[in-house]
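Residue-level structure breakdown
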Amino acid sequence: MSEIRLAAETRSEFGKGAARRARRAGFVPGVVYGHGHAPVHLNLPGHDLMMALKTPNALLVVPIEGKDEYVLPKAVQREAIKRTIEHVDLLLVKRGEKVTVEVPVHTEGELAPGGNLLEHVLQALPIEAEATHLPEAVTVSVEGLEAGASIHAKDIVLPANVSLAVEADAVVLQVIAAQAAPAEEGAEEAAEGAEA
């Protein structure tokens, strides 16, 4: 995963008024914490942050006290209607450090014929990996799976140096048999009655 550099500024004003002023100026208030350091309050460029967060578990590089530091987004607060970013909590990480994150589960291939449905029991898979080498997603083949089939966490092939942070037997995906719609069932019963 590539790192994304953000030109953050240290924030000295706090409270709702200061946060509103920062947002009007195109910034998003944020806090960096971790590794026993006192929390560092930052203003991050709003548009750049929004683009960076389109990548799951984006590894961000921000200047803190004159030094570039790696951070991972831990919590993102969004405005309820416009979905703009209101605030972000960032976790300080070091190169080589293992972190636990959730990565999206992508599927490829076609289910066996029959109109069955694929249910994502886990939308994201908890994994443990080095902070600077986090996979963006894991891909699972569902080619030819029939109703009743399921894929467990242990069945997913992970990249090198990545391990599961969930029970190996946890169901990630399952195939559900197609069910006839109630209207169709009523039509079939009516047709059978007419034949009799």
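Residues numbered from 1 in each chain as written. Predicted model: local features only at pLDDT ≥ 70, side-chain atom pairs only at ≥ 80, totals over all residues. Heavy atoms only, no water.

Glancing now at the side chain of Asn57. Relative to the elements of secondary structure, Asn57 occurs in the loop between α2 (46-52) and β5 (59-64). Residue Asn57 is classed as buried on the basis of its relative accessible area of 15%. (Helix = DSSP H or I, 4+ residues; strand = E, 2+ residues; numbered from the N terminus. Buried < 20%, exposed > 50% of the residue type's maximum accessible area, 1.4 Å probe, protein only.)

Quick look at the pattern of salt bridges now. Opposite charge on two side chains makes pairing possible when the charged atoms of those side chains draw close. One pass over the structure, following the stated rule, counts five salt bridges. When the shortest N-O distance is used, the salt bridge between Arg5 and Asp68 registers 2.4 Å. One end of the pair, Arg5, is in strand β1 (residues 3-5); the other, Asp68, is in strand β6 (residues 67-78), and 63 residues separate them in sequence. The class for Arg5 is exposed, based on a relative accessible area of 54%. (Salt bridge = Lys/Arg side-chain N within 4 Å of Asp/Glu carboxyl O.)

We now examine the sheet that holds β1. Strand order in this open sheet of seven strands is β1-β5-β6-β7-β3-β4-β2, and the pairing throughout is mixed. Looking at strand neighbours, the two that pair on one side only are β1 and β2 (9-10), the edges of this open sheet. As paired elements, β2 and strand β4 (residues 37-45) share two bridges and run antiparallel to each other. Looking across to β4, one finds that Thr10 is bridged to Leu42. (Pairing = 2+ DSSP bridges.)

The next subject is helix α1 (residues 16-24). Inspection of α1 places Ala18, Ala19 and Ala22 among the buried residues, and these make up the whole buried set. Buried residues of α1 fall within an arc of 100 degrees about the axis and therefore sit on the same side. More than 90 degrees from the buried face of α1, the exposed residues found are Lys16 and Arg24. Residues of α1 that are buried make contact with β3 (27-34) and β4. At the exit of α1 stands Gly26, carrying a positive phi of roughly 90 degrees. (Arc of directions from axis to C-beta. Contact = heavy atoms within 4.5 Å.)

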